Amino acid sequence: YGESVIMSYHRQGWPHRSLWIDWRNLDGPELAHELGHYLGLDHVFGGCGNYDGVTDTAPQKAILYGWQTKPGGCGVQPPVHNVMGYTANKMRCEFTKGQKDKIWATLRNNLKDLLPENHPGSHSRLYEQPLLADTRVPEH
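Residues numbered from 1 in each chain as written. Predicted model: local features only at pLDDT ≥ 70, side-chain atom pairs only at ≥ 80, totals over all residues. Heavy atoms only, no water.

1. Focus on the overall build of the protein chain
Turning to step 1, where the next piece is worked out: Secondary structure summary: the protein chain contains two helices and two strands in total.
Turning to step 2, where the next piece is worked out: From first element to last, N terminus to C terminus, the protein chain shows the α and β order β-β-α-α.
Turning to step 3, where the next piece is worked out: In the protein chain, which comprises 140 residues, the share counted as buried stands at 37%.
Turning to step 4, where the next piece is worked out: As displayed, the protein chain offers around 8600 Å² of accessible surface, 55% of which is attributable to carbon and sulfur atoms. (Helix = DSSP H or I, 4+ residues; strand = E, 2+ residues; numbered from the N terminus. Buried < 20%, exposed > 50% of the residue type's maximum accessible area, 1.4 Å probe, protein only. Areas by Shrake-Rupley, 256 points an atom, 1.4 Å probe, with all protein chains shown as cover.)

Spelled out as structure tokens, the structure:
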């Protein structure tokens, strides 16, 4: 039923994580969103307070779809541009610094085998610009 890509990683002490992405959904931030989950990020919505475990994402109780920008039920402007939300693709274009730090913590603590220092002689784009170096996802 169409092409897809499956990424899977399993290591003792770390839950099995698989990522399934339908190729038809690779327009815009879907890949970054799903990779965010794979690398330890939660959705930015779900409750007031520190719902996603990242202190610099604004709380968002309600799920916002499409072009919605109204307050998300917590009395503050919701993170409508955050990749880990559900707003329109053209709106979702950034991770916060805290989310970036959480991704790096996940890599260092749970997915060490993906880092180049654990593979002498290899080269990784993780350290190059702009991948994970700044908080904005390049526009297409």
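2. Observations regarding the nonpolar core
Turning to step 1, where the next piece is worked out: In this structure, Leu39, Met84, Phe95 and Leu107 are the most contacted members of the largest nonpolar core, which totals 13 residues.
Turning to step 2, where the next piece is worked out: Counting only elements with at least two residues in this core, the list comes to helix H1 (30-38) and helix H2 (97-110).
Turning to step 3, where the next piece is worked out: At three residues, H2 tops the list of elements feeding residues into this core. (Core = buried A, V, L, I, M, F, W, Y, C linked by side-chain atoms within 4.5 Å.)

3. Considering the packing of aromatic side chains
Turning to step 1, where the next piece is worked out: For the structure on display, the rule yields two aromatic pairs.
Turning to step 2, where the next piece is worked out: With a centroid separation of 5.0 Å and 55° between ring planes, the pair formed by Phe45 and Tyr86 is classed as tilted. Here Phe45, found in the loop between H1 and H2, pairs with Tyr86, found in the loop between H1 and H2; they are 41 residues apart in sequence, far enough to count as distant.
Turning to step 3, where the next piece is worked out: The class of Tyr86 is partly exposed, set by a relative accessible area of 32%.
Turning to step 4, where the next piece is worked out: One aromatic cluster in this structure is built from Phe45, Tyr65 and Tyr86. (Phe/Tyr/Trp six-rings, centres within 6.5 Å; stacked < 30°, edge-to-face > 60°.)

4. Section: the environment of Phe95
Turning to step 1, where the next piece is worked out: On the secondary structure map, Phe95 appears in the loop between H1 and H2.
Turning to step 2, where the next piece is worked out: Overall, Phe95 belongs to the buried group, its relative accessible area being 12%.
Turning to step 3, where the next piece is worked out: C-alpha of Phe95 to C-alpha of Asn82: the two residues are 13 residues apart in sequence and 5.7 Å apart in space.

5. Observations concerning the pattern of salt bridges
Turning to step 1, where the next piece is worked out: Enumeration according to the criterion identifies two salt bridges in this entry.
Turning to step 2, where the next piece is worked out: Residues Glu30 and Arg92 are paired through a salt bridge, measuring 3.8 Å at the closest nitrogen-oxygen approach. Residue Glu30 is found in helix H1, and its partner Arg92 is found in the loop between H1 and H2; the two are separated by 62 residues along the sequence.
Turning to step 3, where the next piece is worked out: For Arg92, a relative accessible area of 7% translates into the label buried.
Turning to step 4, where the next piece is worked out: Measuring nitrogen to oxygen at the nearest pair gives 2.9 Å for the salt bridge that ties Asp101 to Lys97. (Salt bridge = Lys/Arg side-chain N within 4 Å of Asp/Glu carboxyl O.)

6. Let's talk about the side chain of Gln99
Turning to step 1, where the next piece is worked out: Locating Gln99 in the fold gives a position in helix H2.
Turning to step 2, where the next piece is worked out: A relative accessible area of 1% means that Gln99 is categorised as buried.
Turning to step 3, where the next piece is worked out: A polar atom in the side chain of Gln99 sits 2.8 Å from the backbone nitrogen of Thr96.
Turning to step 4, where the next piece is worked out: When residues no more than four places from it in sequence are discounted, the contact partners of Gln99 are Leu41, Val44, Asp52, Val54, Asp56, Thr57, Asn82, Met84 and Glu94. (Polar contact = N/O pair within 3.5 Å; in protein donor to acceptor, adjacent residues only side chain to side chain. Contact = heavy atoms within 4.5 Å.)

7. A short note on the state of the cysteines
Turning to step 1, where the next piece is worked out: One pass over the full model with this rule turns up one disulfide.
Turning to step 2, where the next piece is worked out: The partner cysteine of Cys48 in its disulfide is Cys74, sulfur to sulfur 2.0 Å. An S-S torsion of about -100° defines the bridge between Cys48 and Cys74 as left-handed. Placement of the pair is Cys48 in the loop between H1 and H2 and Cys74 in the loop between H1 and H2, with a sequence separation of 26 residues. (Disulfide = S-S within 2.5 Å.)

Keep in mind these values describe shape, not function.
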